[in-house]
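What follows is the residue order along each chain.
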Amino acid sequence: MEKKTYTMDDFVAIIAKLRSENGCPWDKEQTHESLKPCMREEAAEVVAAIRILDKTGNPENLREELGDVLLQVVMHSQIAKEEGLFTLEDVIQEVSEKMVRRHPHVFGNVQAEDSSQVLKNWEEIKKEEKQGKEWVKTPLRDIPLELPALVRAVKTIKKADRLYEKQPDMKETLGSIKERIEALEKNLQQEKEPSVEQNIGEILWDISNISRLLSVDAEQALIDKTEDFLGKYE
């Protein structure tokens, strides 16, 4: 029963129908766990669509991919509703409360002169929210394991620098990279595979710290370099 115009309520009803007894066999089989790869892929495709928009000015792909992410949100919410955990309305309520709570300079009386003050306030409020959450063992463990490795490394170093102790500065880090490369060369000569893997991890960690110090998006820098390389063969 196609309609000319669909609303959010219509979309939620469509997903509920797909999950119903007489719905789609594939959709009925899905769980939070089985949909994890879908969410990863759809999020990546949104980022790709933003790149396409930037290059072409055409918003069609971004509109489509945002719809696919919304599909994932509604699907997970529908599964949770069936499990008696929460509903889409609960999701919307919680994120709305979070946005109001984390923007006291807009919805309250707190002053924020610039974006750096906004981020500082955001982190303080977020820290208070996380207290007592059983899944948050330490502030550093709150950084998801599922993030891309470079993103996670930079976030971890930033947080450790802010909450625990100052991390190495640029001079120390550059010196460390030289030492790591020398160690890598020695281990390659001696064919020490576990040590070589460790050396590479340490070099990448130092590169992540340099990215933090220079406020460079390490993940994007590597993506751009890979694209430059691919361009040579097109």
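Residues numbered from 1 in each chain as written. Predicted model: local features only at pLDDT ≥ 70, side-chain atom pairs only at ≥ 80, totals over all residues. Heavy atoms only, no water.

J.: Would you mind showing me how to read the packing of helix α3 (residues 36-56) against helix α4 (residues 60-82) here?
T.: Helix packing geometry: the angle between the two helix axes and the distance between the axes. Running from amino to carboxyl end, α3 crosses α4 at an angle of 160°, the nearest separation of the two axes being 8 Å. When the interaxial angle is binned, α3 and α4 end up roughly antiparallel. Relative to α4, α3 is oriented so that their crossing is left-handed. Between α3 and α4, the residues in contact are C38, M39, E42, A43, E45, V46, A49, I50, I52 and L53 and N61, L62, E65, L66, D68, V69, Q72, V73 and H76, respectively. In the contact of α3 with α4, the residues fall into 12 nonpolar, 3 polar and 4 charged. (Axes fitted to C-alpha atoms, helices over the stretch in contact; angles between N-to-C directions. Helix = DSSP H or I, 4+ residues; strand = E, 2+ residues; numbered from the N terminus. Parallel < 35°, antiparallel > 145°, perpendicular 65-115°, else oblique. Left-handed = near helix turned anticlockwise from the far one by under 90°. Contact = heavy atoms within 4.5 Å. Nonpolar A, V, L, I, M, F, W, Y, C, P; charged D, E, K, R; others polar.)

J.: I would appreciate a short explanation of the packing of helix α1 (residues 8-18) against α4 in the present structure.
T.: Interaxial distance between α1 and α4 falls to 10 Å at its minimum, and their mutual angle equals 60°. Here α1 is positioned oblique relative to α4, judged by the angle of their axes. Note on packing geometry: the crossing formed by α1 with α4 is right-handed. Across from M8, F11, V12, I15 and A16 in α1, the residues of α4 making contact are L70, L71, V74, M75 and Q78. Residues belonging to the contact of α1 with α4 are distributed by class as follows: 9 nonpolar, 1 polar and no charged.

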